[in-house]
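Read off the chains here:
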Amino acid sequence: MYFNDCKELFSMADSPNVLLITTDHWPAHLLGCAGHPVIETPTLDELARCGVRYTNAYSECPVCIPARRSLLTGQCPRTHGDRTFQTTLPMPDVPTIADCFKGAGYQCFAVGKVHVYPQRARAGFDDVILAEEGRPHWGVWDDYDIFLGDRGFAGRQFDNAMSNNQYSARPWHLPEDCHVTNWTAREMSRTIRRRDPTRPGFWYLSFPHPPQPLVPPQHYWDLYGERELDEPAYGDWVPSAWRVGGEPPASNDAASMPYRLQMQYESWDVRTRRAIQTGLRGFYALCTHIDHQLRLVLGTLREEGILDDTIILVTADHGDMLGRHGLWAKRLYYEPSANVPMILVDRKREPRSTPNSTDDRLAGLQDVMPTLLDLAGLEVPESCDGRSIVSEERRSHLYGECNEDASATRMIHDGRHKLIYYPAGNRRQLFDLETDPQELTDLADSPQHATTLDDLTQLLQGELYGSDRGWLDADGNLVGLPDQPFPAFGNRGLSLQRGVHWPPPPVIPPKSGETNAGTN
């Protein structure tokens, strides 16, 4: 037995460590290495120089829970069962990325936001040090809540009074070391330092920011107060009423927009230049804060002598519109919402990818699990839909699906052209991302692009399943759903505004099967 154990340890000595880093709400263009004119991301830019930046990486369902299910299972939404944000849906009964690494002898730990149900479910990890954005009303105090209590700030996380889903912003109200970004980086650094040195590690570092509440530490708030921020771009298909800052008028009015887009516009009241600049200032500041704190984790790997033998992959669950086309937040397939960063750094010895390069293949979050298992020399389970992005195999198109019925939107991307479909009103949009990366010109009515539109529509029709099949007529043609207006409304709950959390709020656990719970 002892001899066999020694053989196993010897065989694992050459196994790489793996660090998977995710953030929430981070658009792919919001990187210095991607050419953004304002954002400061020196750490991520350096990682991109050490590895490969995948420029066509997408969130198949750009909203938190479905996206993270794809990340952890290697499955597309159709397979893992969520395209709407089902808050009480347990993980599917398939191997997770942590299950696979643990089965190969790895120690597996996660720190930060995991967003599975139940909240303390470990999704295959040996342990999860949890920061779940303040949900004690679900009956669980996460580890960050407990840390704040130990520091004498029990229940004080949301005393800044900023919403969990709106774009007002202000500086962080507690000492900087109590910020959840500092806490997350510190806990991961300590986890790495406390590792079993006889076994490789798989570490999942998941930052809850940069999205709301927009409360960066004072230094980062000040950093972006000293510079002129970029202005949102507007497509020629965007109504005049949605434009801020002297953009040229558009011929169409808001009532002509698809139901889903009207819903998106009415859900966020960020409609003055000052409000836009405030939201961007808070958001950019939180991005740079994460970028700087990540240096502590990389420094820990270096000081432990394992940085060169660690595979690193950085991505996000989805992006954020951040005012592009007059829209905010997620659940859409325009580039700021769906296109996510994906930076892959192989270990230094005998890398399978070319450092300081870009790769324009179509990639999805479903590809993260098979890629990391492939690079570690481990078998990819048959349950995975994704594929390794260091292999020669490339997909011809990528399908995206988010929401159902009238609020649904779908995407087909062939690597250059993107079809976005809204069933309510049977509206198609077509963009040539090679010549129009900001999606300023809708080519759906262009005679020169009719063949491309038809080809992508055929692919879309072939991807539809379940209730989506009701969007087809008896001959299989796309007819969608009846159009309808979306009424303007007030936001009494301030987009899931948190209250005072000490004493703790009443415990109202979500009900099984509940979707988009108001208690989220």
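Sequence order as written defines residue numbering, which begins from 1 separately in each chain. Residue-level local features of this predicted model are given only where pLDDT is at least 70; pairs of side-chain atoms are given and counted only at 80 or more, and the full residue set underlies all totals for whole chains, interfaces and linings. Values shown for side chains rest on all heavy atoms present in the structure; no hydrogens or waters enter the calculation.

**Brief notes about the state of the cysteines**
What counts, and what does not: In plain terms, two cysteine sulfur atoms within 2.5 Å form what is called a disulfide here. Using a 1.4 Å probe on the protein chains alone, a residue whose accessible area is under 20% of its type maximum counts as buried, one over 50% counts as exposed, and one in between counts as partly exposed.
Applying the stated criterion across every chain yields a total of zero disulfides. Here C50 stays free of any disulfide, with the sulfur of C33 as its closest cysteine sulfur at 11 Å. Taking relative accessible area as the criterion, C50 reaches 42% and is therefore assigned partly exposed. The thiol of C61 is unpaired, and the distance to the nearest cysteine sulfur, on C402, comes to 3.9 Å.

**Concerning the sheet that holds strand β3 (residues 107-112)**
Rule in force here: Two strands form a pair only when DSSP identifies at least two bridges running between them. In DSSP terms, a helix is any run of H or I states spanning at least four residues, a strand is any run of E spanning at least two, and both are numbered starting from the N terminus. Orientation is described by axes fitted as lines to C-alpha atoms, over the contacting stretch for helices, and by angles from 0 to 180 degrees between their N-to-C directions. Here a residue-residue contact requires only that any non-hydrogen atoms of the pair lie within 4.5 Å.
As summarised here, the arrangement of the eight strands in space is β4-β3-β5-β1-β6-β7-β2-β8, forming an open sheet in which the pairing is mixed. With partners counted over all chains shown, the strands left at the sheet margins are β4 (127-130) and β8 (357-364), one partner each. The average undirected angle you get between the axes of adjacent strands in this sheet is 15°. In terms of strand pairing, β3 meets β4 through four bridges, oriented parallel. Along β4, the bridge assignment pairs V111 with I129. Contacts between helix α2 (residues 42-50) and the sheet are confined to β2 (52-58), β6 (310-316), β7 (342-345) and β8, with β7 contributing the most and set at about 55° to the helix.

**Considering the environment of P381**
Counting through the fold element by element, P381 comes out in the loop between α12 (368-375) and β9 (398-402). Owing to a relative accessible area of 17%, P381 belongs among the buried residues under this scheme. As a C-alpha pair, P381 and I97 span 284 residues in sequence and 9.6 Å in three-dimensional space. Setting aside anything within four residues of it in sequence, one finds P381 in contact with P95, C100, M369 and L373.

**Considering the confidence of the model for the protein chain**
This is how it is decided: The predictor rates its confidence in each residue with pLDDT, a number between 0 and 100.
Confidence in the prediction for the protein chain averages 94 pLDDT; 95% of positions are at 70 or higher. By mean pLDDT, the top-scoring element of the protein chain is strand β5 (residues 201-206) (99), and the lowest-scoring one is helix α1 (residues 2-12) (49). Confidence over residues 1-7 falls short of pLDDT 50; this stretch has zero contacts with residues more than four positions distant or in other chains.

**Focus: the side chain of N182**
The line we're drawing: Polar contact is defined as a pair of N or O atoms within 3.5 Å, subject to the rule that within protein one atom must be able to donate a hydrogen and the other to accept it, and that residues adjacent in sequence are counted only when both atoms are side-chain atoms.
Looking at the element boundaries, N182 is found in helix α7 (residues 180-193). The exposure class of N182 is buried, given its relative accessible area of 7%. Within polar-contact distance, the side chain of N182 engages the side chain of H289 at 2.7 Å. Apart from the residues within four sequence positions on either side, N182 is in contact with E176, D177, H289 and Q293.

**What about the sheet that holds strand β11 (residues 417-422)?**
The four strands lie next to each other as β9-β10-β11-β12, forming an open sheet whose pairing is antiparallel. In this open sheet, the two edge strands, each paired with only one partner strand, are β9 and β12 (427-432). Direction aside, neighbouring strands of the sheet carry axes that sit 15° apart on average. With four bridges joining them, strand β10 (residues 409-413) and β11 adopt antiparallel strand pairing. Bridging from a neighbouring strand, R410 pairs with Y421 of β11. Sheet strands in contact with helix α13 (residues 450-463) are β9, β10, β11 and β12, and its direction is about 55° off that of β11.

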